[in-house]
Amino acid sequence: MQTQKTIIEKIWDQHVVYREDGKPDLLYIDLHLVHEVTSPQAFEGLKQNGRKVRRPDRTFATMDHNIPTKNQHIIKDLISKKQIETLEQNCQEFNIPLADINHPDNGIVHVIGPELGLTHPGKTIVCGDSHTSTHGAFGALAFGIGTSEVEHVLATQTLWQAPPKTMNVKVIGKLGTGVSAKDLILAIIAKYGVRFGTGYVIEYTGEAILSLSMEERMTICNMSIEAGARAGLIAPDDTTFEYLRGRKYSPVGAAFDENVSKWRSLTTDQGASYDSTVEIDAAEVAPQVTWGTNPGMCIPVDGQIPEPEAAATTNEKTEIQRALDYMGLEAGQPITSVKIDHVFIGSCTNSRLSDLRKAASIIQGRKVSPSVQAIVVPGSKTVKLAAEQEGIDKIFIDAGFEWRDAGCSMCLAMNDDVVPAGERCASTSNRNFEGRQGTGSRTHLVSPEMAAAAAIEGHFVDIRHYSAVTMKA
Amino acid sequence: MEPIRIHKGLVYPLNRSNVDTDQIIPKQFLKRIERQGFGQFLFYDWRFDQEGNLHDDFSLNASKYEGTSILVAGENFGCGSSREHAPWALQDFGFKIVIAPSFADIFKNNCVKNGILAIELSEEQTQSLMKRGEKELFHLTINLESKTIEDSDGWQIPFHILDYTREMLLNGLDEIGITLLHEEKISQFELSYS
Ligand code: SF4
């Protein structure tokens, strides 16, 4: 019998309600986060079958995907409005706490969960949203589910799930100056591809990971799904505990310390084995820019857009050519020569206070290029308020950015924040799929610092040299 | 959920890898609060231009594929967002079977919950169906009871599927109903758990 376990197996085993040969495990869910887009049909299913929500106290809802970031109360799109109202009605009917548009806790679901201290180490957390993997930054097992599964969790607080395979992504060395957590996760996906994580839960380990702040760890875990992984997590440590201390829903006083001593055992045992291990050297990672139509189509900022001819297979060649055509780019072109029309700083990947601070430090005293339209969308009302208290909003506004209200916004363009067809956006979000930011839109994923510098210059620049210039000035 | 046992249908080959759920159904169509009616939006940006006219160069628009119910696609089909609107759109359009070398995990789960059979074949097997589909129109019979795929000429291959998934699909089971039979175990678990 194997006694050494990975953190993934530890959390899993602690949550198995029922196990039978030949079946997935019945897994208990500690926290269920809900938003307006993937829940209406689930509530409808409950009603049709006369079922209740088993644990409203383990359920928490917010509205984020549809809501406007200008004039938040005027939702022009009637279908969006209906979806928002439906969530309000459902939460009322089933007694589920809701951070609605008027609530100070409102924001993007994966920003507010950690911020409110709902996310804890060792918890199983689900949400009808693939970027639920974000919460793994706290050493939680957190994964996205579909609407039928949302209904299942509402009714039973459990899910049937086959145990995952385990993977260790080991990041040795240290990130260089100007290189961020976003660059690291993009570089990992660029190196191993958009499906290397399929079927796995990833544990990120190594020196470079341990030295990251909680907000940076969230950026890493957030994009685990872009590697195809079921979830991604980082073992909790003092950085985690300090972040959680004093949060609204964190345990208080002695109970907090008790939890901390329990959480400390959530590490992978020495000698435990993973089903797979990959390694990357942080020191080799440069700032990244995606050039194509999935997050793996990504190059270092000093690199060139790939040649289809260099592809290993015909399929790959076609894929690269298709992406180049869609993106309106030439093979062999340096990425720094690519001119942009829009900048979006926001999304559950990079819209937290530290992201905004970093972007602000780049643009301070500078002006957005006249050919660029730039917006900042804080991840939550709390982030927005904190940034305003620090005067960060002023820095953005003075530079020529629009300072908006919290929401998903241009990450998926379900509200009015849309990139027009054929136009190009440097975005701190997580997906550069065709049409993601609007039909025909062209997305380049970058870090907040890189997005900020691109806004100023009107094209991509290598932030490592750009920062140096700022320091001398 | 409608059970699947044996299904015969026309094959549509979509020779693309990493088809994400934003392509299967773009976000502007996720605002509805119903489960039905998403078929018209399937692959919207590929099927239609900005004015809503059909694109001639997207093969699914060709009349010869009318009534198709078996989709053959490249690897990592259904990656990206967890939106169940993707299988809803496929199903509402008429697809009952999706064949690919690999699927994204959440998408695969979402298929089962809606009575869509997602079959993983090897890269070679998928490509040979793809090539054949690009040359000619042909039908396949998918037999979930015997876990086989065959054509009308007697060609046949087996496919693998988890017993649990197979049971769910064969019987069109209501999973929540099954889980609620374990309610006492869930309560016990909650009691023993802090
Ligand atoms: S910010 Fe973007 S990726 Fe994150 S939850 Fe919202 S839509 Fe999804």
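How each quantity is defined
Residues numbered from 1 in each chain as written. Chains lettered and ligands numbered in written order. Predicted model: local features only at pLDDT ≥ 70, side-chain atom pairs only at ≥ 80, totals over all residues. Heavy atoms only, no water. UniProt positions renumbered as here; feature names shortened; annotations may be inferred. Salt bridge = Lys/Arg side-chain N within 4 Å of Asp/Glu carboxyl O. Core = buried A, V, L, I, M, F, W, Y, C linked by side-chain atoms within 4.5 Å. Buried < 20%, exposed > 50% of the residue type's maximum accessible area, 1.4 Å probe, protein only. Domains from an automatic or database assignment. Contact = heavy atoms within 4.5 Å. Helix = DSSP H or I, 4+ residues; strand = E, 2+ residues; numbered from the N terminus. Near = heavy atom within 4 Å. Nonpolar A, V, L, I, M, F, W, Y, C, P; charged D, E, K, R; others polar. Expected span 1.5 Å × (residues − 1). Buried area = accessible area lost by both parts, 1.4 Å probe. Polar contact = N/O pair within 3.5 Å; in protein donor to acceptor, adjacent residues only side chain to side chain. Pairing = 2+ DSSP bridges. Axes fitted to C-alpha atoms, helices over the stretch in contact; angles between N-to-C directions.

- An unreviewed UniProt entry lists chain B under the name 3-isopropylmalate dehydratase small subunit, from Pseudoneobacillus rhizosphaerae.
- What UniProt states about chain B under its Pathway (unreviewed entry) heading is, verbatim, "Amino-acid biosynthesis; L-leucine biosynthesis; L-leucine from 3-methyl-2-oxobutanoate: step 2/4."
- UniProt, in its Function (unreviewed entry) section for chain B, records the words "Catalyzes the isomerization between 2-isopropylmalate and 3-isopropylmalate, via the formation of 2-isopropylmaleate."

- Within an unreviewed UniProt entry, the label attached to chain A reads 3-isopropylmalate dehydratase large subunit, and the organism entered is Pseudoneobacillus rhizosphaerae.
- The Pathway (unreviewed entry) field of the UniProt record for chain A holds the comment "Amino-acid biosynthesis; L-leucine biosynthesis; L-leucine from 3-methyl-2-oxobutanoate: step 2/4."

**Observations concerning the pattern of salt bridges**
So, step 1. Using the criterion set out here, one finds 42 salt bridges over all chains in the structure.
So, step 2. Linked by salt bridges that have partners in common, Arg54(A), Arg55(A), Asp57(A), Glu183(B) and Glu190(B) make up one network.

**Here we look at the nonpolar core**
So, step 1. Formed by 90 residues in total, the largest nonpolar core has its most connected members in Trp291(A), Val343(A), Phe396(A), Phe401(A), Phe43(B), Phe77(B) and Leu90(B).
So, step 2. Domain assignment of the residues forming this core places at least three in each of domain 1 (8-263) and domain 2 (288-465) of chain A.
So, step 3. In this view, Phe401(A) contacts Val343(A), Ile345(A), Ile363(A), Val368(A), Ala374(A), Ile375(A), Val376(A), Phe396(A) and Ala455(A); residues no more than four positions away in its chain are not counted.
So, step 4. Grouped together as the second largest cluster of nonpolar side chains are 79 residues, Phe43(A), Leu46(A), Leu87(A) and Leu233(A) included.

**A closer look at the environment of Lys339(A)**
Residue and element names in this part refer to chain A.
So, step 1. Here Lys339 is to be found in the loop between helix H11 (314-327) and strand E15 (342-345).
So, step 2. For the pair Lys339 and Ala283, spaced 56 residues apart in sequence, the C-alpha to C-alpha distance is 28 Å.
So, step 3. With near-sequence residues (within four places) excluded, Lys339 lies in contact with Arg424, Gly458 and His459.

**Things to note about the site of the ligand**
Residue and element names in this part refer to chain A.
So, step 1. Neighbouring the ligand are the residues His65, Ile108, His110, Asp129, His131, Ser347, Cys348, Cys408, Cys411, Leu412, Asn430 and Arg436.
So, step 2. Partitioning the shell around the ligand into residue classes produces five nonpolar, five polar and two charged.
So, step 3. Looking at which domains feed residues into the shell around the ligand, each of domain 1 (8-263) and domain 2 (288-465) supplies at least three.

**Considerations on the UniProt feature "domain: Aconitase A/isopropylmalate dehydratase small subunit swivel" (unreviewed entry) in chain B**
So, step 1. The sites that UniProt annotates as "domain: Aconitase A/isopropylmalate dehydratase small subunit swivel" (unreviewed entry) are residues 2-123 of chain B.
So, step 2. A distance of 29 Å separates the end C-alpha atoms of residues 2-123 of chain B, which is 22% helix and 17% strand.

**Looking at the UniProt feature "binding site: [4Fe-4S] cluster" (unreviewed entry) in chain A**
Residues and elements named next belong to chain A.
So, step 1. In this numbering, the UniProt entry assigns the feature "binding site: [4Fe-4S] cluster" (unreviewed entry) to Cys348, Cys408 and Cys411. For this annotated set, covering 64 residues, all C-alpha atoms fall within 8.7 Å of each other, a compact arrangement in space.
So, step 2. Residue position: Cys348 is located in the loop between E15 and helix H12 (353-363).
So, step 3. According to the relative accessible area criterion, Cys348 is buried, its value standing at 7%.
So, step 4. Beyond its immediate chain neighbours, meaning those up to four positions away, Cys348 contacts Ile108, His110, Val111, His131, Thr134, Asn222 and Asn430.
So, step 5. Here Cys411 lies in the loop between strand E17 (402-403) and strand E18 (424-427).
So, step 6. Residue contacts for Cys411: discarding those within four places in its chain leaves Phe344, Ser347, Ser429, Asn430, Arg436 and Gln437.

**A few points about H11(A)**
Residues and elements named next belong to chain A.
So, step 1. Its 14 residues give H11 an end-to-end C-alpha distance of 20 Å, which sits within 8% of 20 Å, the value for a rise of 1.5 Å per residue.
So, step 2. Of the surrounding elements, those touching the buried residues of H11 are E18 and strand E19 (442-445).
So, step 3. Just downstream of H11 lies Gly328, where phi reads positive at about 65 degrees.

**Regarding the interface of chain A and chain B**
So, step 1. Each partner contributes to the interface: chain A provides 66 residues, whereas chain B provides 53 residues.
So, step 2. Between chain A and chain B, the buried area comes to about 4,900 Å², and carbon and sulfur atoms account for 52% of it.
So, step 3. Per-residue buried area on chain A facing chain B is highest for Gln41(A), Arg54(A) and Arg195(A); these three make up 13% of the total on that side.
So, step 4. Inspection of the region where chain A meets chain B yields eight salt bridges.
So, step 5. The shortest N-O distance in the salt bridge between Glu75(B) and Arg195(A) comes to 2.5 Å.
So, step 6. Between chain A and chain B we count 31 residue pairs in polar contact (both at pLDDT 80 or more) in total.
So, step 7. Put simply, the parts of the chain that give the side of chain A that touches chain B at least two residues each are strand E1 (16-18), strand E2 (25-28), helix H2 (40-48), helix H3 (78-94), helix H5 (147-156), strand E8 (158-161) and H11 of chain A.
So, step 8. Ranked by residue count, the leading element in the side of chain A that touches chain B is H5(A), at seven residues.
So, step 9. For the side of chain A that touches chain B, the class distribution of residues is 19 nonpolar, 28 polar and 19 charged.

**Comments concerning unusual backbone geometry**
So, step 1. Although it is not a glycine, Gln157(A) sits at a positive phi angle of roughly 60 degrees.
So, step 2. Structurally, Gln157(A) is set in the loop between H5 and E8.
So, step 3. For Gln157(A), a relative accessible area of 0% puts it in the buried group.
So, step 4. Despite not being glycine, Phe43(B) has its phi angle at roughly 45 degrees, a positive value.
So, step 5. On the secondary structure map, Phe43(B) appears in the loop between helix H1 (21-24) and helix H2 (44-47).
So, step 6. The exposure class of Phe43(B) is buried, given its relative accessible area of 0%.

**Looking at the pairing of E18(A)**
When a strand is regular, its side chains alternate between the sheet's two faces.
Residues and elements named next belong to chain A.
So, step 1. Covered by surrounding structure in E18 are Arg424 and Ala426 together with Cys425 and Ser427, the residues of both alternating faces.
So, step 2. By the bridge criterion, three bridges tie E15 to E18 in an arrangement that is parallel. Considered in E18, the bridge of Phe344 is made with Ser427.
So, step 3. Pairing of E18 with E19, which is carried by four bridges, proceeds in the parallel orientation. Across the sheet, residue Ser427 finds its bridge partner in E19, namely Leu445.

**Observations regarding the sheet that holds strand E1 (residues 6-14) of chain B**
Residue and element names in this part refer to chain B.
So, step 1. As summarised here, the arrangement of the seven strands in space is E4-E3-E2-E1-E5-E6-E7, forming an open sheet in which the pairing is mixed. Pairing within the sheet leaves two strands with one partner each, and these edge strands are strand E4 (117-120) and strand E7 (156-158). Each neighbouring strand pair of the sheet contributes to a mean axis angle of 25 degrees, computed without reference to strand direction.
So, step 2. Pairing analysis gives three bridges linking strand E2 (residues 70-73) to strand E3 (residues 97-100), with the strands arranged parallel. Note that in E3 the partner of Ile70 across the bridge is Ile97.

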